[in-house]
Amino acid sequence: MSRHRFAEFACSLARSLDVVGDTWTPLILRDVFLGVDTFNDIVRDLGLSRALLTDRLALLVREGVLDEVEYSERPRRVRYTLTESGRELVPILVALTQWGDRWRSGGQAPVEFTHDCGAPLESGVTCDACGSRLTSESLTPRPGPGGRAAPGTVVIAERLTRGRT
């Protein structure tokens, strides 16, 4: 079964999911971040098929989320590293992980993160201007410069234009 593509959607979330939205990709990125960075180690860690991993790694390299760093010419072997784009996904993956710790793991975190300051991490998204934590109640969507009525955003564009969601 082929994946649906979202390139024509006027939605940054949909276009992001084109790259990182399948089930395996966030786990692959988590592994690379945690130092599980070779093909064989990722296969061993996740238990996914070699063909599927080959496909996902090729997509992530092509889309600029991962880089290949060769460590052996014969046979060719590479380690995968996060690009700037990939590193920017790490806080999102950590936040999703912590959501899973709270709502899917009974509060029993399999991996805990600490910040550079030494404190245990409690992730969340905050407003750069005022520092307040974002909640669904504290956000107001408005039309953006790239917004338009297109597949995936027809009703959203209509409602944002009228000022209601």
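Above this text is the structure in question.
So, how was this worked out
- Residues numbered from 1 in each chain as written.
- Predicted model: local features only at pLDDT ≥ 70, side-chain atom pairs only at ≥ 80, totals over all residues.
- Heavy atoms only, no water.
- Helix = DSSP H or I, 4+ residues; strand = E, 2+ residues; numbered from the N terminus.
- Buried < 20%, exposed > 50% of the residue type's maximum accessible area, 1.4 Å probe, protein only.
- Contact = heavy atoms within 4.5 Å.
- Lys, Arg positive; Asp, Glu negative; His and termini not counted.
- Charge placed at Lys NZ, Arg CZ, Asp CG, Glu CD.
- 1 Å grid on protein atoms, 1.4 Å probe; cavity = no way out; pocket = protein on both sides within 12 Å on 5 of 7 lines; lining within 4 Å.
- Points joined across faces, edges and corners; volume = space filled by probe spheres on them.
- Nonpolar A, V, L, I, M, F, W, Y, C, P; charged D, E, K, R; others polar.
- Pairing = 2+ DSSP bridges.
- Axes fitted to C-alpha atoms, helices over the stretch in contact; angles between N-to-C directions.
- Parallel < 35°, antiparallel > 145°, perpendicular 65-115°, else oblique.
- Left-handed = near helix turned anticlockwise from the far one by under 90°.
- Polar contact = N/O pair within 3.5 Å; in protein donor to acceptor, adjacent residues only side chain to side chain.
- Patch = residues over 30% accessible without salt bridge, like charges linked within 9 Å, V, L, I, M, F, W, Y side chains within 5 Å.
- Areas by Shrake-Rupley, 256 points an atom, 1.4 Å probe, with all protein chains shown as cover.
- Salt bridge = Lys/Arg side-chain N within 4 Å of Asp/Glu carboxyl O.

Please explain the overall build of the protein as it appears in this structure.
For the protein, the count of helices and strands is six helices and two strands. Reading the protein from its N end, one meets helices and strands in the order α-α-α-α-β-β-α-α. Over its C-alpha atoms, taken along the principal directions, the protein stretches across nearly 60 × 40 × 30 Å. Counting across all 165 residues of the protein, residues that qualify as buried make up 27%. Taking as baseline every contact in the protein between residues at least 6 positions apart, the subset at least 24 positions apart corresponds to 36%. Mean positive and mean negative side-chain charge positions of the protein (21 and 22 charges, respectively) differ by 6 Å.

I tried to follow the layout of surface pockets on my own but got confused; where do I start?
Empty pockets left among the atoms are what a rolling probe the size of a water molecule brings to light. Considered as a void within the structure, the largest pocket measures approximately 550 Å³ in volume. Residue lining of the largest pocket: 20 residues in total, with Leu27, Arg30, Leu93, Leu96 and Thr97 positioned closest to the centre. For the lining of the largest pocket, the secondary structure elements donating two or more residues are helix H2 (24–33) and helix H5 (84–103). Tallied by class, residues from the lining of the largest pocket come to 13 nonpolar, four polar and three charged.

Would you take a moment to explain the pairing of strand E1 (residues 66–72) for this structure?
The two faces of a sheet get side chains in turn, since along a regular strand they alternate between them. Across six bridges, E1 lies against strand E2 (residues 77–82) in antiparallel orientation. The partner of Leu66 across the bridge, within E2, is Leu82. Between E1 and E2, which pair antiparallel in sequence order, lie four residues.

Which parts of the structure should I look at to understand the packing of helix H3 (residues 39–46) against helix H4 (residues 50–62)?
Packed helices, taken two at a time, are described by the angle their axes make and the gap between the axes. It is at 10 Å that the axes of H3 and H4 come closest, and there the two elements cross at 120°. When the axis of H3 is compared with that of H4, the two are oblique. As H3 runs across H4, the sense of the crossing is right-handed. The segment H3 lies against H4, with Phe39, Asn40, Ile42 and Val43 engaging Arg50, Leu53, Thr54 and Leu57. Grouping the amino acids of the contact of H3 with H4 by side-chain chemistry returns five nonpolar, two polar and one charged.

Sorry if this is basic, but what is going on with unusual backbone geometry here?
Leaving glycine out, the prevailing phi sign among residues is negative, and the prevailing peptide bond configuration is trans. Going from Arg74 to Pro75, the amide bond is cis rather than trans, its omega being -10°. Relative to the assigned elements, Pro75 resides in the loop between E1 and E2.

How should I be thinking about the side chain of Asp22 in this particular structure?
Of note, Asp22 is situated in the loop between helix H1 (12–20) and H2. We classify Asp22 as buried; its relative accessible area is 11%. One polar contact links the side chain of Asp22 to the main-chain amide nitrogen of Trp24, over a distance of 2.8 Å. A distance of 2.3 Å separates a polar atom in the side chain of Asp22 from a polar atom in the side chain of Thr25.

How should a nonpolar patch on the surface be read in this particular structure?
Taken together, the side chains of Leu96, Trp99 and Trp103 define a hydrophobic patch exposed on the protein surface, amounting to about 380 Å² of accessible area. With respect to the element layout, Trp103 can be found in helix H5.

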